[in-house]
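Below are the chains, spelled out letter by letter.
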Amino acid sequence: MQTPTNTFKQALQAGKPQIGLWVGLADGYAAEILAGTGYDWLLVDGEHAPNDVRSVLQQLQGISSAWSAQAEPERSHPVVRIPVGDTTLIKQYLDIGAQTLLVPMVDTAEQAARLVQGMRYPPEGIRGMGSALARASRWQAYPDYLHEANAQTCLLVQAETVEAMRNLDAIAATPGVDGVFIGPADLSASMGFVGQPNHPEVQAVIADAIARILKAGKAPGILSTTEEQARKWLAAGALFVAVGVDTIVLAAAARQLLAKYKNLTANADSSSY
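Looking at an unreviewed UniProt entry, one finds the chain named 5-keto-4-deoxy-D-glucarate aldolase, with Variovorax paradoxus as its source organism. Per UniProt, the chain carries the Sequence similarities (unreviewed entry) text "Belongs to the HpcH/HpaI aldolase family."

Following this line, the structure appears as structure tokens:
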């Protein structure tokens, strides 16, 4: 058996845009449902959602379970955002089966280079040799996992501060960094526009950042919760774009459904007088 190919990484390298959904409900059952809807990638959030290694494992298992009912091109690829760029955490999340990690708050090329090291086994990196215990190797059912894993890991780093924008060219040029994700909310705050990711100055910096990332030969990514913004950044060349957040989608759908029936009961109450 061969280590599974990272189809998400392949798509980015081929310049094929990938449409994703943010997953913050921190539940394996919910992740399995979402994995059956057809998004190219699902972001399992370990930074701002109440996740840990065990809950992320359950979601990876749920997403994998949904694959059995889908043809390979329709399968959602799980991307795991870890809470901090720590090499021990990187090792743990890779071992439970994540192939693609998103790391927040990367401000320098030096940080990015250390993360690359953490993603890879020696001699290319410093990832610990624990494949006998790892779901990633199917507990050594993939006999060449130690030799194949490095090529299938995908590192996405978040550039979301003024300092990161200053160092963006060097971050994007770091060998082993596959993509750079722009965080509009944190970037706007860092620029002095708290809660204003649509401010013209922030939007200009994002557009420039996407162009610089593409110039470095890497994949730009972003989260856009409006259709207008998503289309704008796709047109600008962003290659992995999340177009919604599961918590927002659930709350909005619940409110819309309730509104239909609240109106009915309000009308019934008024007609009874």
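Q: Requested: an account of the overall build of the chain, with residues and values cited.
A: When you go through the chain residue by residue, the secondary structure sums to 12 helices and eight strands. Taken against the 2.2 N^0.38 rule, which gives 19 Å for 273 residues, the C-alpha radius of gyration of the chain at 20 Å falls within 12% of a compact globule. With respect to the principal axes defined by its C-alpha atoms, the chain has extents near 80 × 45 × 30 Å. Per-residue burial over the chain gives 47% buried out of 273 residues. Looking at the chain alone, contacts between residues at least 24 apart form 62% of all its contacts between residues at least 6 apart. Total accessible area on the chain stands at roughly 13300 Å², and carbon and sulfur atoms take up 55% of it. Distance from the positive charge centre (20 side chains) to the negative charge centre (26 side chains) of the chain: 2 Å.

Q: Explain the packing of aromatic side chains residue by residue, including any values.
A: Applying the stated criterion to the full structure yields six aromatic pairs. Between W22 and F181, the aromatic rings sit 5.6 Å apart at their centres with planes inclined by 35°, giving tilted as the arrangement. Here W22 is found in strand β1 (residues 18-23), whereas its partner F181 is found in strand β6 (residues 179-182), with 159 residues between them in sequence. Accessibility assignment for this pair places W22 and F181 in one class, buried. On the numbers, 6.1 Å between centres and 35° between planes, the contact of F181 with F240 is tilted. With F181 in strand β6 and F240 in strand β8 (residues 240-245), the pair connects residues that are 59 residues apart, well separated along the chain. Each member of the pair, F181 together with F240, is buried.

Q: Lay out empty space enclosed by the protein in plain terms, naming residues and giving numbers.
A: If you roll a probe as big as a water molecule over the atoms, it shows you where there is empty space left. Counted according to the given criterion, the structure contains one cavity of 30 Å³ or more. Roughly 40 Å³ of volume is contained in the largest cavity. Considering the residues around the largest cavity, the lining is formed by K9, V116, M119, R120, N150, T153, C154, L155, G176 and D178. Secondary-structure elements contributing two or more residues to the lining of the largest cavity are α5 (109-119) and β5 (154-159).

Q: I'd like a description of the pattern of salt bridges, backed by residues and values.
A: All chains considered together, the criterion is met by seven salt bridges. As a salt-bridge pair, E47 and R81 come within 3.0 Å of each other at their nearest N and O atoms. Of this pair, E47 sits in the loop between β2 (41-45) and α3 (53-67) while R81 sits in strand β3 (residues 77-81), and the two are 34 residues apart along the sequence. For E47, a relative accessible area of 23% corresponds to the partly exposed category. The exposure class of R81 is buried, given its relative accessible area of 6%. A salt bridge links E124 to R120; the shortest N-O distance between them is 3.2 Å.

Q: Break down the sheet that holds β5 for me, with residues and values.
A: With respect to topology, eight strands assemble into a closed barrel ordered β1-β2-β3-β4-β5-β6-β7-β8, the strand pairing being parallel. For this sheet, the mean angle separating the axes of adjacent strands, direction not counted, is 25°. Strand direction decides the pairing type here: β5 and β6, joined by four bridges, are parallel. What sits directly across from Q158, in β6, is F181.

Q: An account of the UniProt feature "transmembrane region" (unreviewed entry) in the chain is needed here, citing residue identities and associated values.
A: Taking the numbering used here, the UniProt-annotated feature "transmembrane region" (unreviewed entry) corresponds to residues 233-254. Secondary structure within residues 233-254 divides into 59% helix and 27% strand; the distance between the first and last C-alpha atoms comes to 28 Å.

Q: Quick rundown of the pairing of β1? Include the residues and the values.
A: Burial analysis of β1 places five of its six residues in the buried class, which makes it a mostly covered element. Note: β1 against β8, four bridges, orientation parallel. Its bridge partner being in β8, G20 is matched across the sheet by A242. Here β1 pairs with β2 via four bridges, running parallel. The residue of β2 that forms the bridge with V23 is V44. As a crossover connection, the stretch from β1 through helix α2 (residues 28-35) into β2 is right-handed.

What counts as what
Residues numbered from 1 in each chain as written. Predicted model: local features only at pLDDT ≥ 70, side-chain atom pairs only at ≥ 80, totals over all residues. Heavy atoms only, no water. UniProt positions renumbered as here; feature names shortened; annotations may be inferred. Helix = DSSP H or I, 4+ residues; strand = E, 2+ residues; numbered from the N terminus. Rg over C-alpha atoms; globule rule 2.2 N^0.38 Å. Buried < 20%, exposed > 50% of the residue type's maximum accessible area, 1.4 Å probe, protein only. Contact = heavy atoms within 4.5 Å. Areas by Shrake-Rupley, 256 points an atom, 1.4 Å probe, with all protein chains shown as cover. Lys, Arg positive; Asp, Glu negative; His and termini not counted. Charge placed at Lys NZ, Arg CZ, Asp CG, Glu CD. Phe/Tyr/Trp six-rings, centres within 6.5 Å; stacked < 30°, edge-to-face > 60°. 1 Å grid on protein atoms, 1.4 Å probe; cavity = no way out; pocket = protein on both sides within 12 Å on 5 of 7 lines; lining within 4 Å. Points joined across faces, edges and corners; volume = space filled by probe spheres on them. Salt bridge = Lys/Arg side-chain N within 4 Å of Asp/Glu carboxyl O. Pairing = 2+ DSSP bridges. Axes fitted to C-alpha atoms, helices over the stretch in contact; angles between N-to-C directions. Right-handed = clockwise from strand over helix to strand, strands pointing away.

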